[in-house]
Amino acid sequence: QVQLVESGGGLVQPGGSLRLSCAASGIIFSLYTMGWYRQVPGKQRELVAAITSGGTLNYSDSVKGRFTISRDNAKNTVYLQMNSLKSEDTAVYYCSAGSTTRTSTYVPNHWGQGTQVTVSS
């Protein structure tokens with residue numbers, strides 16, 4: 001059974017930082033592309049960042065230069081370091097595990113339960 005368990009969310013002031021973690025089990029972690037999505041009420045879930053099994057990175061324009069995705073295959077864990085946080089980063093953040101197509105499109109297959117990130121003074 002695949003499990004993705006996120007942690008690290010919370011309340012932070014604008015300009016602050018948070019690091020999200022996602023521990024995976026039930027999959028051969030090193031073979032998967034891992035991604036972080038976020039969703040706010042009334043809007044579609046959007047891809048924030050992804051990292052392939054080979055280490056190729058992809059970021060949404062809204063977080064480039066502020067967020068960093070990384071992975072530790074020995075710990076079956078993917079991270080999202082979020083710096084210079086803004087109020088518009090407030091959302092539920094979801095970890096995902098999936099694959100990358102030949103056209104470099106990320107396709108998620110498994111999801112975590114989500115963790116709330118709130119950026120507010």
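Before reading on, note that the structure itself is shown above.
Our subject in this report is the structure included herewith. Everything numeric here is computed off the predicted structure, so don't read it as measured data.

Right, let's get into the state of the cysteines. Counted according to the given criterion, the structure contains 1 disulfide. Through a disulfide, C22 is tied to C95; the S-S separation comes to 2.1 Å. Between C22 and C95, the S-S torsion sits near -80 degrees, and that sign places the bridge as left-handed. Note that C22 is positioned in strand β3 (residues 18–25) and C95 in strand β9 (residues 91–100), a separation of 73 residues in sequence. C22 gets classed as buried once you look at its relative accessible area, which sits at 0%.

In this fold, S84 is placed in the loop between β8 (77–82) and β9. A C-alpha to C-alpha distance of 12 Å links S84 and S62, two positions 22 residues apart in sequence. In this structure, S84 is in contact with G15, G16, S17, R66 and D89, ignoring residues within four places of it in sequence.

Analysis parameters
Residues numbered from 1 in each chain as written. Predicted model: local features only at pLDDT ≥ 70, side-chain atom pairs only at ≥ 80, totals over all residues. Heavy atoms only, no water. Disulfide = S-S within 2.5 Å. Helix = DSSP H or I, 4+ residues; strand = E, 2+ residues; numbered from the N terminus. Buried < 20%, exposed > 50% of the residue type's maximum accessible area, 1.4 Å probe, protein only. Contact = heavy atoms within 4.5 Å.

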